[in-house]
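Architecture and fold: a report
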Amino acid sequence: MAVDELQAIIQRCQILEEADFKGEDFNLFQVAGQKCLEDGYAAQLLEVIQNEKNKVIIKNMGWNLISPLVRCIFMYKQEDAKREHCLRILDQLAQLCNPKELFLGLLEQIEQTSGEQVCQTVMLLLQPLQTVLLKLQNKKAYSVGLSLAMIMNQLTPLPVPYTKQQIQEDKLGLCQCCNAVVDFAKPFVNEVVKNMEKSSEYNDMELKEELIKFCMKSLKYPLLTAQLEQLEGIEEHPFRHFATEIIDILWNIRELIPLVFVPHKGKSPPWENQEFADIEQKNSADSLACLSYLMFVQHFGVECFPMVFSPSYLLLCNMTHIEVLLKRTEESVLSKGLDLFESCLLRMEDNSLLHHYLEFRVFINVPQDLVKIMTLCPMENMRKKSLNVLQLFIDKFDTEGKYTLFRCLLKTSNHAGVEGYIIKNIKDQIHLALMKEYDNVWFTGHHLISLLDLVLSLPEGAETDLLQNSDRIMASLNLLRYLVIKDCESDNQTGVWTTLGKIKQNFLKPLRVGLNMSKAHYEAEIKNKKENRKEAHSSNPVCSVTVSGEKMPAMTTGMQLQVLHSALFTFDLIESVLARVEELIEGKTKAVMDEN
């Protein structure tokens, strides 16, 4: 019988000194103890462990029972008395075993777990692990850091619940587990706080560094990808609670403000391998970006925040974080970047951001990232939000800043729709310049002429693809029409009349030639399709289209004709505006000549 075997081993070991225990004794104890658990004799094993006479034996050998004990706990149902006995055994082992040996045994058990049992195993072993760590004297900071790192590494592969239903169900127990890990860390946070109030001993600094590493890992996972908006029907959002706890830890150990305003504060060890160093730097950047989002968008820890910084300084501090978030493709992360950018911009008054800020490379990179989202992101809500944020960014700059930003975006966007949008903004700024009593040197005169050279041109002259560039061309024609109508040749505030010859040569004439060529080509295509329509009906031919390597549904002849007619309609639209511009120019020029 298993219990008899265990008793026999116990009796043999009771007469031995602690130093005389052999490897064979450890193995026999482990096998007998495991058999007791598997055969359902947990109550009898508990009695053996609680017996004062066996204290030395359990201290040295008890840690070997952790693995079979965890298996049995998960095997029994919640209400089973045997499960309760197993839990009491675990508690006893935490109290009686050699802390160093039990610490390694518990960590090994956490490391070996996987899949759906990760959170269950971690939550089961957190309390005994905390008990053991509080007993450790040597290398305590290292052991706490190792424990937190091991736990977070095991949790990281698990998917983060995102929707309201997923958060409420919490199938894998991640929400519950994350908050349990924070509770596990609290005694060590309190220890650091207590020691910081007394002095700054080296060991305390080590423990503090380990806690900072844990907070940084928690910011990257799960908080970076978690849904953190307040959800209706969830009284206490688990990830919001977790975020609050992480912010509180950083505040209590006096690291919150330094991390927000001094990015290099996210310390990382020096790596000989550059690849490891790059990974560490990226992880730190993600964590700090998430921290800024929590503070400036969700307002966690806002009560700790010093209200002494100007909105432009806060924007400057956050631009690096915004850039990090906007380069990600996951909706949960991308939306955080857009929200953080919007939040920083809404703190500012229009026209208050000085053009000098564009000397910082990040102030050029971020709008370019917005353009990529606007044009490439598959999520419509993200595209619309990025457009709104870009407009907000434009509105905050002074006139020279707007001018510089427009030039940059016209040169780098490589997208007709975006270029058309920027040209519309240029038109709005010219309108404001013409309406104001004082001079606006950036959207009138020689500065504007330089900008118009970029706007009123065709990328490839008469051979430019007019269909692909139609948004830009229409915006350019509308701008030119506005200038001709609003700015009299006698005033010439904008300088458009001075450079009219150049505009005709570089824009209007090539556009007219291009329109004639394009219309002739498409009309010939339509004629050709119509002539072959009878054959098309009899053989039902289709046109195969491939987009980004993926074959699209086949196009019938009727569909092809529809596309061709749509293109012709676009050309007619461009031509009508072009004709109106030419008419206005001719009329105003003739009027001035007659007057002279």
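Above this note sits the structure.
First, a word on scope: everything that follows refers to the structure included in this document. The shown structure was predicted, so the numbers you read here are calculated from the model rather than taken from an experiment. (Residues numbered from 1 in each chain as written. Predicted model: local features only at pLDDT ≥ 70, side-chain atom pairs only at ≥ 80, totals over all residues. Heavy atoms only, no water.)

**What about the overall build of the protein?**
The condition that has to hold: In this description a helix means any DSSP run of H or I spanning at least four residues, a strand means any run of E spanning at least two, and both kinds are numbered starting from the N terminus. When accessible area is computed with a 1.4 Å probe and restricted to protein chains, residues below 20% of their type maximum are described as buried, those above 50% as exposed, and intermediate ones as partly exposed. In what follows, residue pairs with any heavy atoms lying within 4.5 Å of each other are defined as contacts.
Secondary structure assignment for the protein yields 26 helices and two strands. Looking at the protein as a whole, 48% of its 596 residues are labelled buried. A sequence separation of at least 24 residues applies to 74% of the contacts in the protein between residues at least 6 apart.

**So, the packing of aromatic side chains**
Put simply, the test is: Stacked, edge-to-face and tilted labels apply to pairs of Phe, Tyr and Trp rings (six-membered ring for Trp) whose centres lie within 6.5 Å, assigned for plane angles under 30 degrees, over 60, and everything in between, in that order. In this scheme, the term charge over a ring applies when either NZ of a lysine or CZ of an arginine sits within 6 Å of the ring centre and within 35 degrees of the ring normal.
Applying the stated criterion to the full structure yields 17 aromatic pairs. Considering the side-chain rings of F296 and F305, the 5.3 Å spacing of their centres and the 85° angle between planes classify their relative orientation as edge-to-face. Aromatic side chains F309 and Y313 sit 5.4 Å apart centroid to centroid with 25° between the ring planes, which places their arrangement in the stacked category. Judged by its relative accessible area of 29%, F309 is partly exposed. Owing to a relative accessible area of 32%, Y313 belongs among the partly exposed residues under this scheme. Members of the aromatic cluster, connected to one another through ring pairs, are F341, Y357, F360, F363, F393 and F397. Lying over the aromatic face of Y293, K336 brings its terminal NZ or CZ to 5.5 Å of the ring centre. The ring of Y482 is capped by K427, whose NZ or CZ atom sits 5.3 Å from the centre of that ring.

**A short note on the packing of helix α6 (residues 81-96) against helix α8 (residues 118-135)**
Quick note on the threshold: Axes, fitted as lines to C-alpha atoms, cover a helix only where it is in contact. Angles between the N-to-C directions of the axes lie from 0 to 180 degrees. Roughly parallel means an angle under 35 degrees; roughly antiparallel, over 145; roughly perpendicular, 65 to 115; everything else is oblique. By the definition used in this description, the sense in which the near helix is turned from the far one sets the handedness, with an anticlockwise turn below a right angle giving left-handed and a clockwise turn giving right-handed. Amino acid classes used here: Ala, Val, Leu, Ile, Met, Phe, Trp, Tyr, Cys and Pro are nonpolar; Asp, Glu, Lys and Arg are charged; the rest, including Gly, are polar.
Across the interface, α6 lies against α8 with an axial gap of 9 Å and an inter-helix angle of 15°. By the angle class used here, α6 and α8 are roughly parallel. Helix-helix and strand crossings are classified by hand; for α6 and α8 the assignment is right-handed. Touching L87, L90, A94, Q95 and L96 of α6 are L124, L125, P128, T131, V132 and K135, all from α8. Grouping the constituent residues of the contact of α6 with α8 by class yields eight nonpolar, two polar and one charged.

**As for the nonpolar core**
Stated precisely, the cut-off is as follows: In plain words, nonpolar cores are sets of buried Ala, Val, Leu, Ile, Met, Phe, Trp, Tyr and Cys residues tied together by side-chain atoms within 4.5 Å.
Membership of the largest hydrophobic core comes to 188 residues, with the highest contact counts inside it found for L155, F214, L294, F341, F363, L477 and L511. At 12 residues, the largest contribution of residues to this core is made by helix α11 (residues 174-198). If near-sequence neighbours (up to four positions away) are discounted, F214 is found in contact with L148, M152, V181, V182, A185, I246 and I249.

**Remarks on the environment of P159**
When you line up the elements, P159 lands in the loop between α9 (140-155) and α10 (164-169). The class of P159 is exposed, set by a relative accessible area of 57%. With 66 residues separating them in the primary sequence, P159 and T225 have C-alpha atoms 9.5 Å apart. The contact partners of P159, leaving out residues within four places of it in the chain, are L172 and L174.

**Observations concerning the side chain of D487**
The criterion, for reference: What qualifies as a polar contact is a pair of N or O atoms within 3.5 Å, subject to a donor-acceptor requirement within protein and to the restriction that residues adjacent in sequence count only when both atoms come from side chains.
Within the fold, D487 resides in the loop between α23 (470-486) and α24 (500-531). A distance of 2.5 Å separates a polar atom in the side chain of D487 from a polar atom in the side chain of T494. For D487, the residues in contact, after removing those within four places along its chain, are Y482, N492, Q493, T494, G495, V496, W497 and K588.

**Examining the side chain of S312**
Along the chain, S312 falls in helix α16 (residues 311-326). By relative accessible area, S312 is classed as buried at 18%. Sequence-distant contacts of S312, defined by excluding residues within four places in its chain, comprise M348, L353 and Y357.

**Quick notes on the pattern of salt bridges**
What counts is decided by this rule: By definition here, a salt bridge exists when the distance from a side-chain nitrogen of Lys or Arg to a carboxyl oxygen of Asp or Glu is within 4 Å.
Enumeration over the complete set of coordinates arrives at 26 salt bridges. Its salt-bridge partner being D369, residue K327 comes within 3.0 Å of it at the nearest N-O pair. With K327 in the loop between α16 and α17 (331-346) and D369 in helix α18 (residues 361-376), the pair connects residues that are 42 residues apart, well separated along the chain. With a closest N to O distance of 3.0 Å, R512 and E575 form a salt bridge. Of this pair, R512 sits in helix α24 while E575 sits in helix α26 (residues 557-595), and the two are 63 residues apart along the sequence. A network of salt bridges, in which partner residues are shared, links K220, K282, D286, R328 and E330.

**Details of unusual backbone geometry**
Here the bond from Y221 into P222 is cis, since omega is 10°, no more than 30 degrees from zero. Considering the arrangement of structural elements, one finds P222 in helix α12 (residues 202-223). For K139, which is not glycine, the phi dihedral falls at a positive 55°. Of note in the backbone geometry, N492 takes a positive phi value of approximately 50° without being a glycine. Locating N492 in the fold gives a position in the loop between α23 and α24.

**Details of the packing of helix α5 (residues 66-75) against α8**
Closest axis-to-axis distance for the α5/α8 pair is 12 Å, and the angle between their directions is 115°. Note that α5 runs across α8; the crossing there is right-handed. In contact with V70, I73 and F74 of α5, α8 contributes Q120, T121, L124 and L125. The class makeup of the residues in the contact of α5 with α8 is five nonpolar, two polar and no charged.

**Notes on helix α21 (residues 416-435)**
The criterion, for reference: For a helix, the expected span equals 1.5 Å multiplied by the residue count minus one.
If you check α21, its first and last C-alpha atoms are 29 Å apart, about what 20 residues at 1.5 Å a residue would give, namely 28 Å. Those residues of α21 lying buried are A416, V418, E419, G420, I422, I423, N425, I426, Q429, I430, A433 and L434. Each element contacted by the buried residues of α21 is listed here: α18, α19 (380-396), α20 (399-412), α22 (445-455) and α23.

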